[in-house]
Amino acid sequence: EAGVVQSPRYKIIEKKQPVAFWCNPISGHNTLYWYRQNLGQGPELLIRYENEEAVDDSQLPKDRFSAERLKGVDSTLKIQPAELGDSAVYLCASSSTWGIQYFGAGTRLSVL
Amino acid sequence: AQTVTQSQPEMSVQEAETVTLSCTYDTSENNYYLFWYKQPPSRQMILVIRQEAYKQQNATENRFSVNFQKAAKSFSLKISDSQLGDTAMYFCAFMTGSGNTGKLIFGQGTTLQVKP
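Keep in mind that what you see is a predicted model, and the values were worked out from it rather than measured. (Residues numbered from 1 in each chain as written. Chains lettered and ligands numbered in written order. Predicted model: local features only at pLDDT ≥ 70, side-chain atom pairs only at ≥ 80, totals over all residues. Heavy atoms only, no water.)

> For this particular structure, what's the right way to read the overall build of chain A?
Helices and strands together make up the secondary structure of chain A, namely zero helices and eleven strands. Seen in sequence order, chain A has helices and strands lined up from the N terminus as β-β-β-β-β-β-β-β-β-β-β. On C-alpha atoms alone, chain A measures out to a radius of gyration of 13 Å, which is about the 13 Å that the 2.2 N^0.38 rule sets for 112 residues. For chain A, the spread of C-alpha atoms along the principal axes amounts to about 40 × 25 × 25 Å. Expressed as a percentage of the 112 residues in chain A, the buried residues total 47%. Split by element, the accessible area of chain A, about 5600 Å² in all, is 50% carbon and sulfur. Positive and negative side-chain charges in chain A, numbering 12 and 13 respectively, have mean positions lying 7 Å apart. (Helix = DSSP H or I, 4+ residues; strand = E, 2+ residues; numbered from the N terminus. Rg over C-alpha atoms; globule rule 2.2 N^0.38 Å. Buried < 20%, exposed > 50% of the residue type's maximum accessible area, 1.4 Å probe, protein only. Areas by Shrake-Rupley, 256 points an atom, 1.4 Å probe, with all protein chains shown as cover. Lys, Arg positive; Asp, Glu negative; His and termini not counted. Charge placed at Lys NZ, Arg CZ, Asp CG, Glu CD.)

Quick look at the structure:
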């Protein structure tokens, strides 16, 4: 069974440029999460989806970050415009109803 | 608000020996879940072990076991017979028990190096 798939693995952009990350969860998992992991720290939740609905986006910086999960399957996280402080690893995870979260390999973003 | 604290930024252990990683947490809830995740250099977070707060018995998974002390809000991970492949960053995480799809709250992590 395929795990959580994320792309790209790495992204280098200049500040003020837009960037997007893509995530395909494990088949059948209705809950999808985006986390941000700063260097040397644990991940922090940005947004959680139940099917197509964003049920917890309290930590998402809405002035520059947006996310969507059309059709309740794969998801895209976008930053526009990117700032230097956005450099981090962006992790996607998915879970079924019983809550064990499975993570993708993440996208490492470097903003120059 | 719930918090998770890992007080050991780095640890090392000789291959085949035993090591214990510490974790404390703070919550006012009675029903919750605790996890240890492993993150190797490949960056993918891998679930090591999970503990339900309502269970008194400590969880075990092969060489990995936990010491769950609910009253003390402590949740340590013991790795027995350490192997080189155990080298990674280890994160302790908390999840509320209300609904089974809540967010994970992670500690700062402990970098473990297993030496040959």
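So, next bit.
> Got a minute to help me understand the environment of Leu77(B) in this structure?
All names here are of chain B. Its location among the elements puts Leu77 in strand β9 (residues 74-79). The class of Leu77 is buried, set by a relative accessible area of 0%. Distance from Leu77 to Asn67, taken between C-alpha atoms, is 6.6 Å for residues ten residues apart in sequence.

> What is the right way to read the state of the cysteines from this model?
All names here are of chain A. Taken as a whole and assessed by the stated rule, the structure comprises two disulfides over all chains. Covalently, Cys23 is tied to Cys92 through a disulfide, its sulfur atoms 1.9 Å apart. Taking the sign of the torsion about the S-S bond as the criterion, the disulfide between Cys23 and Cys92, at about -70°, is left-handed. Of the two residues, Cys23 is situated in strand β3 (residues 19-24) and Cys92 in strand β9 (residues 88-95); the sequence distance between them amounts to 69 residues. (Disulfide = S-S within 2.5 Å.)

> Can you walk me through the pattern of salt bridges in this structure?
All names here are of chain B. Counting across every chain of the model gives nine salt bridges over all chains. A salt bridge links Lys55 to Glu52, with the shortest nitrogen-to-oxygen separation between them at 3.9 Å. A residue is classified by how much of its surface remains accessible, and Glu52, at 14% relative accessible area, is buried. Residue Asp86 is joined to Arg63 by a salt bridge in which the shortest nitrogen-to-oxygen separation is 2.8 Å. Here the residue Asp86 occupies a position in the loop between β9 and β10 (88-96), and Arg63 occupies one in the loop between β7 (60-61) and β8 (64-69), the gap between them amounting to 23 residues. (Salt bridge = Lys/Arg side-chain N within 4 Å of Asp/Glu carboxyl O.)

> Please clarify how the interface of chain B and chain A should be interpreted in this entry.
Often, the extent of an interface is quoted as the loss of accessible area upon association of its parts. If you look at the interface, chain B gives 19 residues, while chain A gives 29 residues. In total, about 1900 Å² of surface goes out of reach between chain B and chain A, with carbon and sulfur atoms giving 49% of it. Viewed at the interface, chain A and chain B are joined by zero salt bridges. On the surface where chain B and chain A come into contact, there are eight residue pairs in polar contact (both at pLDDT 80 or more). Of all the secondary-structure elements, those providing two or more residues to the side of chain B that touches chain A are β5 (32-39), β6 (46-52), β10 and β11 (104-106) of chain B. The element best represented in the side of chain B that touches chain A is β10(B), accounting for three residues. When grouped by side-chain class, the residues that make up the side of chain B that touches chain A number eight nonpolar, eight polar and three charged. (Contact = heavy atoms within 4.5 Å. Buried area = accessible area lost by both parts, 1.4 Å probe. Polar contact = N/O pair within 3.5 Å; in protein donor to acceptor, adjacent residues only side chain to side chain. Nonpolar A, V, L, I, M, F, W, Y, C, P; charged D, E, K, R; others polar.)

> Quick question: what am I supposed to make of the packing of aromatic side chains here?
Each aromatic ring pair is described using two quantities: the centre-to-centre distance and the angle formed by the ring planes. Tallied over the entire structure, the rule returns 14 aromatic pairs over all chains. Residues Tyr35(A) and Phe103(A) carry aromatic rings whose centres are separated by 5.5 Å and whose planes lie at 45° to one another, so their mutual orientation is tilted. Of the two residues, Tyr35(A) is situated in strand β4 (residues 31-37) and Phe103(A) in strand β10 (residues 102-103); the sequence distance between them amounts to 68 residues. By the burial criterion, Tyr35(A) is buried, and Phe103(A) matches it. The buried category is assigned to Tyr35(A), whose relative accessible area is 0%. One aromatic cluster is present, formed by Tyr33(A), Tyr35(A), Phe103(A), Phe35(B), Tyr37(B), Phe91(B) and Phe106(B) through successive ring pairs. (Phe/Tyr/Trp six-rings, centres within 6.5 Å; stacked < 30°, edge-to-face > 60°.)

> Would you mind showing me how to read the side chain of Ser94(A) here?
Residues and elements named next belong to chain A. In this structure, Ser94 sits in strand β9. Residue class for Ser94 comes out buried when judged on its relative accessible area of 0%. A distance of 2.8 Å separates the side chain of Ser94 from the side chain of His29, its partner in a polar contact.

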